[in-house]
Structures are given as structure tokens and as C-alpha cells.
Amino acid sequence: MNYPDPDNVPAIWEIGDVILEKYEVKQVFTGGGMGLVYRVYHRDWDIDLAVKSPRPEFFQTQQHIENFECEAETWVNLGLHPHTVSCYYVRRLGGIPRIFSEFADGGSLADWIRSRRLYEGGQDKAMEKILDVAIQFAWGLQYAHKQGLVHQDVKPGNVLMFAGGTVKVSDFGLANALHDSLEDTANTARPGQSIMVPGSGFMTPSYASPEQLRGEALSQKTDVWSWAVSLLEMLVGEVTWASGLAAPAVLGQLEDHQVGNDLLSLLAMSFGTKVPKRLTTFAPVLELLMRCYTSRFGSYPRSQPDEVRLVAPSLNNRAISLLELGKAHEAEESWNAAILIEASHAETIYNHGIHKWRHGKIDDVELMRSLLLCHETSGRREITARFLGEICNERGDL
């Protein structure tokens, strides 16, 4: 079915549906506690996106919808990072706020554990893969913490697998969003103010920290605990505990010669079972985790992402998303901010320039001149050459 009107989009989508003449529904995933997840093809962007569609019963009032949208924006505002799933925007369709994010065709870490794909290649290969996943997983959460955001529902189901072995954390802020969508309160945590958040959110008990289970205020240490439980699950191969509070007891069942004393000690410190004070941030966790990897397999092949270099790409990405939502003025502001930070960022120069050209604010000569300058100075000639070709094609200069 074709649904061109955003107000008349059905709550449930079917494969083959076309939403707003733009989103083609290709797959429907069920089984999530939040609701349904769809794989859609974005005709304008020429990529597949994941669309998270919460169950309608989460929203009893207009205030519930607005609270959810506001909290979900914390994920949108997180920006780009190689180890976090990009969330592009939240868009209300058929009265339900839908979350549009990056699609991972490799499935989740939970899928890899359940299908035993994580353990292919023998014990040594599996351990190398587990440590690689754990490091990237921690990098993603550490970045979120630096932005003032506590995930609150860290688990393998919220870790997605991409081509080349890349691991990205997903669903930032959604635990609090779902919690607040069902609460009639004016004191909802706002984006950028979630480093200390009230209550336990929509936690998953098997991975929850002690403070979550007690309903106390949460901080970074909650995510460290749940990350450690997730690592424990990777090592055990399944969840054998009903509560995250009981997970540390399983450490005694792991054989040291298979896991290694260093890794067992890291988990014990993350749970606070062998030291007076448990690890509460990812800086010491990653230091110890890297030692675990290098002592077994030598130099770690991935480099920690340079977050400073990701600012301009994040602003460009945000501008495109704002344009998608019809917020052209805000998109312009985001592009201008990106150019102030990195004047020769090719994607920003091209996207901002093509938008202005199509709206008659500049001509093709000025657009070509700006791209040619970027071509000479950015050091990314393959990218800028492609953009120059796109402009020539659009103006009919084959």
C-alpha cells in the first residue's frame, strides 16, 4: 500500500508498503520489547534505514508523545562516532513517533551469541573476537558518556554488527524515553542533562546494575556494570542468571585457563567484587582490556577514534536530517557551523552548496569554484572528484 499522508500512516507497516512516497518497507522485525523495527529503503538517500516504531499503548496522551520525542532526540544529538549507531531523526507518522537510524545487516551481538557465530573458528579465534567486540563496545559507551548521556539499557541486543567486524552501540536514551512516555511528570530529563538520571528507566533485569534494581539515580557506573555483564555473557555463551545483581557469582564458574586471570580480574573490578571501589568509568576498563588483548594477540589492529575530527561530519549529518524534516533554516545553521570548524570538509561543502544552488542562492559556477578549491586543499581528491562529477551531471555537462 502507498501512504502519502503522514497523518494517515498505519501503526503497523507491511512489507511492500511505501510511506510518504519515500520509504519502501523491505523487512519487518518482531520480538523487541519496544515494538516493531522495520528495514526501509530511503529513495532520496539511496540507503537502507532502520525504523523503530514503539507500540501505540506507550502513548496515552499527547504529553507522552512529546516526552518520548524529546528524550529520543538525545540519541539524534549524540552525533557521529564509528562505534555508535547513527540516529538521523524522529518523525511522527500516523500519530506515533518513529525513530530513523542506521541499519545494520549483520544483526545484533545477541544474535551472534545465540547463533554461535561469535564462537566460530575455535577457542582462540573466538576469544580474539570477544575482546575486539568488547573494546569497540566500550569505546561507543565512553563516547556517549563524554557527551553527558547514560545509556541505561546496555546489553548485547543493543549492540549491532557491521561489515568488517565493526561494532556499534544502539538505542541511546530510549530506556528513559519509554519510561518517561508513561509518566505524567513535568520533570522529565532533557537532552544533554542525562548524566545523572532519575529512576531505573526501562531496564533489562538480567543486565541491570544494583542501583538500577534499587531504583536509585543512575550514572556512568551503571553502564560499566551492564557492559561487564554483557562481556560475561559472551564468555559464558548464554545468560544463566535472572538478575544483573547475581551475574558476578558466575565468575567463579569460569575456568581461568580458558578465560585468563587478567580478564577475570577486569570483570571482578567492574563488579567491585575484589576491590574496595568498583570501576565506574571506561578509561581504566579500556586500559585493562587492551592489556588483555595485547598479551594474547599482540598489537590491537584498530585505532581509537579521533572525536575532534568527527565534529564537522556530525554537523553535516545533522543538517541533512534537519532538511529531511523540512527545517531548512536550522539545516543552514548546522552547515555554517560545520564550515567554521572545518572549512574544507568536502561533504559539507557539497551538500550545503547543492542545496543553495537548487534554491537559486548561488549559481553553478560558484558551486564548482568552491568544490574545486576543496579539491585542491582537502587532501580527499577521490571524494571531491565524485562530487564535481555529480554537479556536472546535474547541470547537463556530460
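Residues numbered from 1 in each chain as written. Predicted model: local features only at pLDDT ≥ 70, side-chain atom pairs only at ≥ 80, totals over all residues. Heavy atoms only, no water.

## Describing the pattern of salt bridges
Should the charged atoms of two oppositely charged side chains come close, the side chains can pair. Enumeration over the complete set of coordinates arrives at 25 salt bridges. Among the salt bridges present, the one from K22 reaches E324, with a minimum N-O distance of 3.2 Å. You can see K22 sitting in the loop between β2 (18-19) and β3 (23-29) and its partner E324 sitting in helix α10 (residues 311-324), a full 302 residues away along the chain. Its relative accessible area of 14% is what places K22 among the buried residues. Classification of E324 as buried rests on a relative accessible area of 10%. K26 is paired through a salt bridge with D48; the nearest N and O atoms lie 3.1 Å apart. (Salt bridge = Lys/Arg side-chain N within 4 Å of Asp/Glu carboxyl O. Helix = DSSP H or I, 4+ residues; strand = E, 2+ residues; numbered from the N terminus. Buried < 20%, exposed > 50% of the residue type's maximum accessible area, 1.4 Å probe, protein only.)

## Comments concerning the sheet that holds strand β5 (residues 47-54)
Taken together, 7 strands build an open sheet; the order of strands is β1-β2-β3-β4-β5-β7-β6 and the sheet is mixed. Each edge of the open sheet is held by one strand with a lone partner, namely β1 (2-3) and β6 (87-93). Docked against the sheet, helix α1 (residues 62-76) engages β5, β6 and β7 (96-102), running at close to 165 degrees with respect to β6. Of the strands in this sheet, β3, β4 (35-42) and β6 touch α10, which is tilted by about 15 degrees from β6. (Pairing = 2+ DSSP bridges. Contact = heavy atoms within 4.5 Å. Axes fitted to C-alpha atoms, helices over the stretch in contact; angles between N-to-C directions.)

## Quick word on the pairing of β6
The buried fraction of β6 amounts to 6 of the 7 residues, a majority that puts the element mostly inside the structure. Joining the antiparallel neighbours β6 and β7 is a turn of 2 residues, in which G94 adopts a positive phi near 65 degrees.

## Notes on the side chain of R98
Its location among the elements puts R98 in strand β7. Buried charge without a salt bridge: R98, with D17 as the nearest opposite-charge side chain at an N-O distance of 9.2 Å. Here the side chain of R98 touches P10 through a polar contact of 3.0 Å, landing on its backbone oxygen. (Lys, Arg positive; Asp, Glu negative; His and termini not counted. Polar contact = N/O pair within 3.5 Å; in protein donor to acceptor, adjacent residues only side chain to side chain.)

## Details of the confidence of the model for the protein chain
Counting all residues, the mean pLDDT for the protein chain is 89, and 91% of those residues have values of 70 or more. The model gives residues 184-200 a pLDDT under 50, and that stretch makes 39 contacts with residues more than four places away or in other chains. (pLDDT = per-residue confidence, 0-100.)

## Considering the nonpolar core
Of all hydrophobic cores here, the largest spans 73 residues; its most connected members are I99, L118, W227, L231, M234, L235 and L263. Here the element with the most residues in this core is helix α3 (residues 123-146); it accounts for 13 residues. Discounting chain neighbours no more than four positions away, the residues touching W227 are A134, F137, A138, L141, V154, L266, S270, F282, V285 and L289. (Core = buried A, V, L, I, M, F, W, Y, C linked by side-chain atoms within 4.5 Å.)

## Looking at the packing of helix α11 (residues 328-341) against helix α12 (residues 346-358)
Between α11 and α12, whose axes approach to 10 Å, the crossing angle comes to 145 degrees. Remark: the crossing between α11 and α12 carries left-handed chirality. Across the interface between the two elements, E332, W335, N336, A338 and I339 from α11 touch T348, I349, N351, H352, H355 and K356 from α12. Its residues assigned to classes, the contact of α11 with α12 shows 4 nonpolar, 5 polar and 2 charged. (Left-handed = near helix turned anticlockwise from the far one by under 90°. Nonpolar A, V, L, I, M, F, W, Y, C, P; charged D, E, K, R; others polar.)

## Focus: α11
Helical geometry note: an α-helix holds 3.6 residues per turn, so side chains three or four residues apart project in the same direction. Between the first and last C-alpha of α11 there are 20 Å, a value that for 14 residues agrees with the 20 Å anticipated at 1.5 Å per step. For α11, the complete set of buried residues consists of A331, E332, S334, W335 and A338. Across the axial projection of α11, the buried residues extend over an arc of 165 degrees, all falling on one side. Exposed residues lying more than 90 degrees from the buried face of α11 are H329 and L340. The inward-facing, buried residues of α11 abut α10 and α12. (Expected span 1.5 Å × (residues − 1). Arc of directions from axis to C-beta.)

## As for helix α13 (residues 364-377)
Between the first and last C-alpha of α13 there are 20 Å, a value that for 14 residues agrees with the 20 Å anticipated at 1.5 Å per step. Taken together, the buried positions of α13 are occupied by L367, M368, L371, C374 and H375. One side of α13 carries all its buried residues, which in axial view fall inside an arc of 125 degrees. Residues R369, L373, E376 and T377 are exposed on α13 and point more than 90 degrees away from its buried face. The inward-facing, buried residues of α13 abut α12 and α14 (381-394).

## A few points about the environment of A110
Mapped onto the fold, A110 is located in helix α2 (residues 109-114). For the pair formed by A110 and G157, sequence separation is 47 residues and the distance between their alpha carbons is 4.9 Å. Apart from the residues lying within four places of it in its own chain, the contact partners of A110 are P156 and G157.

## As for a nonpolar patch on the surface
On the surface, V311, L340 and I341 cluster together into a nonpolar patch covering about 310 Å² of accessible area. Position of V311 relative to the elements: it lies in helix α10. With a relative accessible area of 33%, V311 lands in the partly exposed category. (Patch = residues over 30% accessible without salt bridge, like charges linked within 9 Å, V, L, I, M, F, W, Y side chains within 5 Å. Areas by Shrake-Rupley, 256 points an atom, 1.4 Å probe, with all protein chains shown as cover.)

## Considering the environment of D17
Position of D17 among the secondary structure elements: in the loop between β1 and β2. A residue is classified by how much of its surface remains accessible, and D17, at 4% relative accessible area, is buried. Sequence separation between D17 and Y3 is 14 residues, and the spatial gap between their C-alpha atoms is 7.6 Å. One polar contact links the side chain of D17 to the main-chain amide nitrogen of M1, over a distance of 3.1 Å.

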